[in-house]
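# Summary of structural features
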Amino acid sequence: FDRESLVQVGLSGHGDAACLPISPVHTEYDQASADLLGYDMEQASALLAQAGYQRGEEDNLLYRRRTPLSVTVLVNSDNESRQAAADALAASLTQLGVTVTVDTLPWDNYVQALAGGRFDIYIGEVRLTADWDLSSLLSTGGALNYGGWTDAETDGLLAAYGAAENRTAAMEALCARLQQQAPILPVCFKSTSVLTQAGVLEELTPTAAEPLCNLPGCPFRLRES
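Residues numbered from 1 in each chain as written. Predicted model: local features only at pLDDT ≥ 70, side-chain atom pairs only at ≥ 80, totals over all residues. Heavy atoms only, no water.

## Section: the sheet that holds strand β5 (residues 70-76)
- As summarised here, the arrangement of the three strands in space is β6-β5-β7, forming an open sheet in which the pairing is parallel. Two strands close off the open sheet at either side, each with one partner strand: β6 (99-105) and β7 (121-122).
- Pairing of β5 with β7 involves two bridges; the strand directions are parallel. Looking at the pairing, Leu-74 lines up with Tyr-122 of β7.
- Seen against the sheet, helix α4 (residues 80-96) touches β5, β6 and β7 and runs at an angle of roughly 170 degrees to β5. (Pairing = 2+ DSSP bridges. Helix = DSSP H or I, 4+ residues; strand = E, 2+ residues; numbered from the N terminus. Contact = heavy atoms within 4.5 Å. Axes fitted to C-alpha atoms, helices over the stretch in contact; angles between N-to-C directions.)

Have a look at this one:
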């Protein structure tokens, strides 16, 4: 997945490409683990070959024991950035020889398909809390764990991270496990912009929750602690 290209083209630069479920500008981002998960089509092709997939002589698609490698990518139709991500992923998989179906559904049908597990990969979005709690995505019975993935070791690592004094080491251990298992595939951490005419505003320091934060004369102002 060419995350950098997606951020620059699909999101007009509004985001930070990330291979791990933590922002790359965060001090706990494990760059060494992220580098192992970066965009590399040659390595992807080699890994598929190691898994026993071979190109068909007639159609050049991937097969293993005469069974084609096919993937359904689920995405909702009312979000252009997610559709761009689905199309970019489909293009990369097709280049590798995978047979790809992009299932684009209205929101209600999309949610039903998620709940019913009618997908191989789904494109989604989640807003993490300030403590970077990933349990809803990864823990057994998590509200956003639509794939029904379960792993006792990951559950333990999630709990350890939440209680750790050395959060950097705990995050490294968690990311190492996610690197091996890949139950979720982070793409980027999105950002937004506040556009104004030049020279009109000087003190605006927008936040995700308050785009007019600290604007002189505006009621949205940060509280002093």
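## As for the pairing of β6
- Where β5 meets β6, seven bridges bridge the pair, whose relative direction is parallel. Bridged to Val-71 within β6 is Val-100.
- Once you follow β5 into α4 and on to β6, the crossover reads as right-handed. (Right-handed = clockwise from strand over helix to strand, strands pointing away.)

## Examining unusual backbone geometry
- Unlike most non-glycine residues, Arg-66 shows phi in positive territory, near 70 degrees.
- When you line up the elements, Arg-66 lands in the loop between β3 (62-64) and β4 (67-68).
- Arg-66 gets classed as exposed once you look at its relative accessible area, which sits at 82%. (Buried < 20%, exposed > 50% of the residue type's maximum accessible area, 1.4 Å probe, protein only.)

## Quick notes on helix α3 (residues 41-50)
- Of the residues flanking the start of α3, the one acting as N-cap is Asp-40, its side-chain oxygen 3.2 Å from the backbone nitrogen of Glu-42.
- Of the residues one or two after α3, Gly-52 is the one with positive phi, at around 100 degrees. (Polar contact = N/O pair within 3.5 Å; in protein donor to acceptor, adjacent residues only side chain to side chain.)

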